Each structure stands twice: as C-alpha cells, then as structure tokens.
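# Inside the fold
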Amino acid sequence: MTSSTVTPPAGRVTAPRRRRADDVAGLGKARAGLFVAPALIIIGIFLLFPAVWTVWLGMTDYRLTGLQAASPEFVGLENYTEALTDPAFWNSLWLTLIFVVASGIVGQTLIGFGLAWSVRNITGWVKALIEGLVLAAWVIPASVASFLWLALLDRRTGTVNALLGTEGAAWLIDHPMEAIILFNIWVGTAFSMQLFSSALSAVPPSQIESAKMVGASGWQQLRDVIVPNIKGHILTNTLLITLWTFNTFTPYLVTAGGPNGKTEILSVYIYETAIPGGQLGLGAAISLIMLLINLVIALGYVRVAQGRRKR
Amino acid sequence: MAGITATQLVKEYPGGVRGVDEVDVEIRDGEFFALLGPSGCGKTTLLRSIAGLEAITSGSLVIGDRDVTNAEPGVRGVAMVFQDYALFPHMDVGDNIAYPLRIKRVKRDERRGTAAKVADGLSLQGLIERRPGQLSGGQQQRVALARAVATRPDVLLLDEPLSNLDARLRLEARTFLKELQRDLGVTTVFVTHDQAEALALADRIAVMRAGKLQQIGTPREVFQRPNNTFVAGFIGSNPMNLLPAQVRESRLAVGDATVSLPPGTEQLVREGQDVVWGIRPEYVRWVTAEEAGAIPAEVSVVENLGASVLIVVNAGDRKLQVAVPEDQEPAPGDRGWIVPQLSKTLLFDAETTERIG
Ligand SMILES: Nc1ncnc2c1ncn2[C@@H]1O[C@H](COP(=O)(O)OP(=O)(O)OP(=O)(O)O)[C@@H](O)[C@H]1O
Ligand SMILES: [Mg+2]
C-alpha cells in the first residue's frame, strides 16, 4: 500500500518519456493500428491473398474447364514433379537463360553503357535527339512496340526486308529467338542508358583527369577510374535488368512463343500451360518455381552488394 | 627537368570567353612559380593548358625543348595535383601513389617499393594500406603530392594546393611544400588567389587579371614596384593606398594637401597631369606633433591586427589606411599628422593605370 502511493509520481515521469521514444505520433498502439488497417487490408487482398492462393492452386489439379474446375482436388506435390520432369519446362528455362543473358545482361547493359559513354561529352540537340529516341522506345506501350516490330519484320511488307532487299525473308520464323532478343534490347536499353548517364556524370572529373595526366589510355581510365566509381550502379542495373527480363511477357506479343515453342520463355510457358492449356494448377506450380528463382537471383545480388560494402 | 615557355597563348572557351588571353611567360628550369590573381582571372585555365587538359586555341607552348602545344597530357612529363586531390577512393594509399608507375607498366613489387619510399619522404609512414577516406585532409594532400612526384616529372603543377586545409595546417604545408620543391628541384607552377601564399613560396609570381598577365617578377618586385594600380591593390596584406592626385608646380596635389613627387618621376610627368599616388599603409607614420612633410589627419576607424593596428584616417576629403605599432594606437576621433615615407611612394598614370618611373 505504502509503496503504491509512492511510486505513481515516478511512474508518471517515466511513462510519457517511454511513449515518446517509440510512439512518435502519440496515438497508442490500438489507434495507430486502426490507421494502417486499410492499407494492410488492401495489401492483403491484392498481394498476399493471390500469393497464398497460388501456393494452394499449385497443389491442386485445378483446371480452367471441366470437372476439376468445379471441384479441384488436392494432389500434393504432383504438379511440381510433373513440371520438373517435363523436358518442355527445362527447354523453356534454357531459352529464358539465353534470353536474359543475351538481351538483358549483355545487350541492354552493354549497349546502355556504350550509349551513355558516347553521349556524355555531347551537348545540345544531338544529345537530346539520341536520348529522346532511346527513351521513346521505353515509353511506347509494349503492345504498340510489338506491333511496330511485327510491321518491321513482316515477311512481305516489312521495313527490314525492304531496306536489306531480302524480300520474303521470314525473320520471325527463321530467327525467332534473335528477333525477341533484339526486340527486348530495343525496348529496355533506355533504362540502362539513363542509369549509367547519371552514374557517369557523378564520377569526379578530376579523377579521370588524374589518370589522363599519367598517360592512361581510354581503356585504362575505364578500368581504373570509371568502373570502380560506378560499381554500385552496375550492380543495381544488372539486378533490375535480370529480374525484369526474366519476368517479361511482351515477347509473347511478337512471336506468341512460336514457332513451335522456340521462343517459349518461362513467362510465356506458364501462360501457355495455364490459359490456353487450361492447367491452372500446373501453371501455378511453375509460377511458384519462377518466384523462387527470382528470389535466388535477388539474394545473390544482395550477397555481392554486402560483400562489396564490407570491403 | 625543364623550363616552360608560353608564347601568345590563348585559350578560348566555347561561347567566346577567353580564359587565357595572349599570355607570354617563361618559367625557368627548377623555378617555383606562382600564378596569382582574383577569382575567375584564368589561373586554372592557364595551368590546365600547360597540363594538356585544355586544348590551346592559339599560340605555342614549349616544355624543355619540345613543342607540346598539341601533345597529349600523358607525354608532356608533367604531373598535376588537383584542388580536390582526386585520389582514387577504391585504391589504398600505396596503390594511389604507385598508379602512374602501373600505367608505365612497372612490376607490382617494384612500384609498391617506390611508393613506400616516396611515402616515407612525405611523412606518410604507416598509412600505405589505408584508403583515402581514412585520411585527414593534410594527409590526403601529401598522398596527392606523392602520387605526382612518384614518377619524377619534369614539371609539377599545383592548383590551389593549400586551399582545402585549415589556417594552421596551411602554414605547415606551405613550409613542407617549399622544402619538397627545393629537394626535388622540380619546376613547379602553382595557382593561388592568396597573395601572402604567393609572396611566401614563389621564386617568381605572375599576376593575372581577366586572362591577361599584369606583371611577372620576384615577390619583392611585385610588392615594391607593381606595374599598375591593379597589382598595387592586389598584393600586400593591406591594400596600397591609391589616391587620385594632380601634378602642380613639380609637386603633387592630393586633395587639399601637397606632397613631393616620388623620387625619379620629376622628369616623367607634365604640369596638370592626372595621376594616382600610391603608398602602402606600412610606409606611412602616424605622428602627434607636426613635422616637415606631414599632412593633418583625423582617425576614423581603428582595426586591431595583433602586433600592429590598422587605422583609417581622413586627410581632408581623402581616406588613407595607416599601419601603426600597437603601443602607439590612437583612438577614433584623434587628430594628428601622417608622414608618408617619400622613397616608398609610387606614381601611376590615371588613364592607363601604369606605373610612372
Ligand atoms: N569550361 C568552361 N567553359 C566556359 N568558360 C569557362 C570554363 N572554365 C572556366 N571558364 C571561364 O574562364 C575564366 C577563367 O576561369 P578559371 O577557372 O581559369 O579562373 P581561376 O583564375 O582559376 O578562378 P578561381 O580562383 O575562382 O579558381 C572565367 O571567366 C570562367 O568563367
Ligand atoms: Mg581556379
């Protein structure tokens, strides 16, 4: 009794102080929770639920039509074993790898850097023109861009055939993979170019000039000054480009995965399986595999980035 | 080792600004040479033209006995220390210093050895493995110097090498720089806008203004015999008093007072000519009793400079600065006389601003 009558003043002194430390708005947990609840609910409905739903679907034989559409049955890991033993899946994964390396890592990154490097000393309308053109490819909606490419590569009336004088050449049938790789480079290079442009402009000119003063060649300046200075940007660029290219679906609008599955990269393969193929359960399982691959890629980059920071 | 000769050197930037305008300068072998001038006068531009980092618009540049007007920076035998030091943040101190040797394809062990030796010479022992980000400003500056001298260049260029250091460290680094230059005997050109630094360090100084050379001379010459009123006003910790005056009956009318013409100028002026009379505050005495050649004056402002006091006096309608020893410090409002030291007075043409005599 006596102690309880003594403690309140002390308690009153410490209580507000503690509240101030972790409760900046002074709302208290319950009311604060109420404020963020709508956001949490929306995230739950549109992000969490589909994800969980996909996991569940991946373990059923759910189909778009037929008996299983009405009452899907739980099949455990059957979908996964089916996907992982299907040569079509592995073929698709292989195509995706080629696609990511050629159009994303090599194509967009190198060409984007090359463009940023070449326009860094240009000023005025020439620079504006080049940047405008590259950026245009980026801002044009994918559906429009794919249509442009269809017109470009058309067998009979295509611009490329008219320019090269190769009338009747069916680019999309004879070289479908090359076509979607070029298409994706064309669409996505602007991002790398802009990222590298800003990275290059942040390299202190005096460092480059120091290298010049001791007679370093252009290549040596690149190796010893530029690249070390923009390492972080290179890493970020590669991560984003890899993930985007890995997940992109727009090549479907150019080749529809064909001919004969020759351009059936993973995203297209999932679509072909789930929608026209009607095997929603299997599609969901492959989606989850794709998600896991994404996670592995992202974690790999985080590792590299952390190792870099530690050194 | 090599001298530098610039002839009618012009550097015009796109847009027509002439950073360097028809500069003729000859820098001798082994000389410690300062480029001095106010901000924007073209010091950096001239230095960068010598380095080869700016393409020369016209004129010629010879280093040693080679014409390098259009040569690449790397083949001029010139090393440069930038104002921000420009150290490579991703290399340790040793690799930074050894970088020029790496470009010259010296083997790693050998160049690390040289770097260590050079670092020792610049009191950087024990810092070889550190990154530039882990060094103080003064240490970074010495690393930049070490990198510049590691290849034994013929010419060393320094762009405001001391401006990033605090006042005390700057004095230390100043001495250090002077010793280093003497030891190496390397022809050194350094840019500064601090006239005290130029006077203290340089064998000779070139004063620039708006891209043009105003005067080249030893510190003593530019201090005692400035070519024109601009140099007179720029050099010296207290600017020279420059007062409009008129020649009258072989004397000089300065406001209400008259003073004698500076020695040696009597034959060079004509009656009624408008001139500028110059006298440094240090060469004027403040006296409380009238004497020959004294001008009556009243103290308006007193500034304490430590060992001396700078006072501003009104002599008639003219204002003058006078440096007074601390124990003779007057109070504002005091009346007395000022006595210019005649042999130290200078005369400038009011129209051309050039020195007379
Ligand atoms: N890249 C440039 N393009 C156009 N004009 C320039 C350029 N660099 C310098 N200038 C101009 O040339 C003149 C000389 O510049 P500079 O940098 O040589 O001056 P500075 O004497 O080094 O001045 P500070 O003491 O401020 O460094 C200035 O008027 C400046 O505006
Ligand atoms: Mg400058």
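Residues numbered from 1 in each chain as written. Chains lettered and ligands numbered in written order. Predicted model: local features only at pLDDT ≥ 70, side-chain atom pairs only at ≥ 80, totals over all residues. Heavy atoms only, no water.

In the annotation of an unreviewed UniProt entry, chain B is listed under the name ATP-binding cassette domain-containing protein and assigned to Agromyces agglutinans.

The name an unreviewed UniProt entry gives chain A is ABC transporter permease subunit, with Agromyces agglutinans as the organism. Check the Sequence similarities (unreviewed entry) section of the UniProt entry for chain A; it says "Belongs to the binding-protein-dependent transport system permease family." In the Subcellular location (unreviewed entry) part of its UniProt record, chain A is described as follows: "Cell membrane". (UniProt positions renumbered as here; feature names shortened; annotations may be inferred.)

## Notes on a nonpolar patch on the surface
Residues and elements named next belong to chain A. Where nonpolar side chains cluster on the molecular surface, the patch consists of F35, V36, L40, I43, L47, L48 and V52 and spans about 740 Å² of accessible area. Along the chain, the position of V52 falls in helix α2 (residues 29–57). Overall, V52 belongs to the exposed group, its relative accessible area being 53%. (Patch = residues over 30% accessible without salt bridge, like charges linked within 9 Å, V, L, I, M, F, W, Y side chains within 5 Å. Areas by Shrake-Rupley, 256 points an atom, 1.4 Å probe, with all protein chains shown as cover. Salt bridge = Lys/Arg side-chain N within 4 Å of Asp/Glu carboxyl O. Helix = DSSP H or I, 4+ residues; strand = E, 2+ residues; numbered from the N terminus. Buried < 20%, exposed > 50% of the residue type's maximum accessible area, 1.4 Å probe, protein only.)

## Here we look at the sheet that holds strand β5 (residues 66–67) of chain B
Residues and elements named next belong to chain B. With respect to topology, 4 strands assemble into an open sheet ordered β2-β1-β4-β5, the strand pairing being antiparallel. At either margin of the open sheet sits one strand with a lone partner, and together these are β2 (18–27) and β5. Bridge count for strand β4 (residues 58–63) against β5 is 2 bridges, and the pairing is antiparallel. The residue bridging V62 from the neighbouring strand is D67, located in β5. (Pairing = 2+ DSSP bridges.)

## Brief notes about the packing of aromatic side chains
Within the structure shown, the criterion is met by 17 aromatic pairs over all chains. With a centroid separation of 5.0 Å and 15° between ring planes, the pair formed by A:F249 and A:Y252 is classed as stacked. Within the aromatic cluster, the residues linked to one another by ring pairs are A:F89, A:W90 and A:Y269. Above the ring of B:Y283, the side-chain terminus of B:K344 is found at 4.9 Å from the ring centroid. (Phe/Tyr/Trp six-rings, centres within 6.5 Å; stacked < 30°, edge-to-face > 60°. Lys NZ or Arg CZ within 6 Å of the ring centre and 35° of its normal.)

## Regarding the site of ligand 1
Residues and elements named next belong to chain B. Near ligand 1, the surroundings consist of Y13, V17, G19, S39, G40, C41, G42, K43, T44, T45 and E160. One of the side-chain nitrogen or oxygen atoms of Y13 is found 3.3 Å away from a nitrogen atom of ligand 1. In this structure, an oxygen atom belonging to ligand 1 sits 2.9 Å away from a main-chain N or O atom of G42. With the chains in place, 60% of the 640 Å² that ligand 1 exposes on its own is no longer accessible. Of the residues forming the shell around ligand 1, the biggest block, 3 residues, is contributed by helix α1 (residues 43–51). (Near = heavy atom within 4 Å. Polar contact = N/O pair within 3.5 Å; in protein donor to acceptor, adjacent residues only side chain to side chain.)

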